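Architecture and fold: a report
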Amino acid sequence: MKHIADRTTLNNGVTMPWFGFGTYQAKGDEVYEAVKVALEAGYRSIDTAAVYGNEEEVGRAIADSGVARDDLFVTTKVWNDDQGYDSTLRAFEASRKRLGLDVIDLYLIHWPGKDKFKDTWKAMERLYEEGSIRAIGVSNFHVHHLEELLKDSRVVPAVNQVELHPRLSQRQLREYCSSHGIQIEAWSPLMKGRLSDNETLLEIAGKYGKSPAQVILRWNLQSGIVTIPKSVTPSRIRENADIFDFELTSSELERIDALNEDQRVGTNPDELMF
């Protein structure tokens, strides 16, 4: 991981950038400009979702960027209301049209919910086998969700995108996913800025002339976690990507690991039932 475009290889042989750009809660011209800035700064992985309401603008920014499609990795997600076999097929076509892309690199089930995710997965397996999606995965799945999904799936999820940051390091889930060849990806890696005054992170950041946010993002990458920080501020977008000129020591990684308190800023998937 020496460069922003460096990639990990997923369990089906598809490669995915370790570092990407999140677009949660960004809409309209704001997200269009943010994605353009990110692509200009070297980001090659863009993450969106149907529920974000910004797929069209994300797609337009990609088209206007001049970056070759083969160099990009685009992720979107099926929303809770669209779960189920036929509705997932329809939702995918709608997302693909809004993005203006023939093939989606990674398609995720956004939340597990109660009992529809297996039918949703069967639809995604079909789309994957037809070549409409290069890789399929899940988001916000606990171990027990993954165990249930794997009981009768034909395709093992390539990715599990979950809330993950130093206060919620998800060690058990990471170990389970690693043992099954599922790549962990972190959303909200910076805990919505709540770690900017943490003494441990400030001390490590001072050593390298970096910000606590940059230290956290570097911790993610060195821990084998794909990460997708989100910002709409051009300077912050560029700053987040400036993490490839230093390397944390093993003891520093351990100190950051020790910050875990199993503390969430988002919803626990077991409490979002639909």
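An account of the accompanying structure is given in this report.

Basis of the calculations
Residues numbered from 1 in each chain as written. Predicted model: local features only at pLDDT ≥ 70, side-chain atom pairs only at ≥ 80, totals over all residues. Heavy atoms only, no water. Helix = DSSP H or I, 4+ residues; strand = E, 2+ residues; numbered from the N terminus. Buried < 20%, exposed > 50% of the residue type's maximum accessible area, 1.4 Å probe, protein only. Lys, Arg positive; Asp, Glu negative; His and termini not counted. Salt bridge = Lys/Arg side-chain N within 4 Å of Asp/Glu carboxyl O. Contact = heavy atoms within 4.5 Å. Pairing = 2+ DSSP bridges. Right-handed = clockwise from strand over helix to strand, strands pointing away. Axes fitted to C-alpha atoms, helices over the stretch in contact; angles between N-to-C directions. Left-handed = near helix turned anticlockwise from the far one by under 90°. Nonpolar A, V, L, I, M, F, W, Y, C, P; charged D, E, K, R; others polar.

Next up on the list: the side chain of Glu57. Positionally, Glu57 belongs in helix α2 (residues 55-65). For Glu57, which is buried and forms no salt bridge, the nearest opposite charge comes from Arg60, at a distance of 5.2 Å. In this view, Glu57 contacts Gly28, Val31 and Tyr32; residues no more than four positions away in its chain are not counted.

Okay, the pairing of strand β8 (residues 159-163) next. Within β8, five of the five residues are buried, which leaves it mostly tucked inside the rest of the structure. Bridge analysis of strand β7 (residues 133-139) against β8 gives two bridges, and the strand direction is parallel. Residue pairing for β8: Val138 is matched across the bridge by Asn160. On the question of chirality, the crossover connecting β7 to the parallel β8 by way of helix α5 (residues 143-150) is right-handed.

One way to put it is that helix α1 (residues 28-40) packs onto α2 with a least axis distance of 8 Å and a crossing angle of 40°. Two packed elements cross with a definite hand, and for α1 against α2 that hand is right-handed. Contacts from Gly28, Asp29, Val31, Tyr32, Val35, Lys36 and Leu39 of α1 reach α2 at Glu57, Val58, Arg60, Ala61, Ile62, Asp64 and Ser65. Of the residues that constitute the contact of α1 with α2, the class distribution is seven nonpolar, two polar and five charged.

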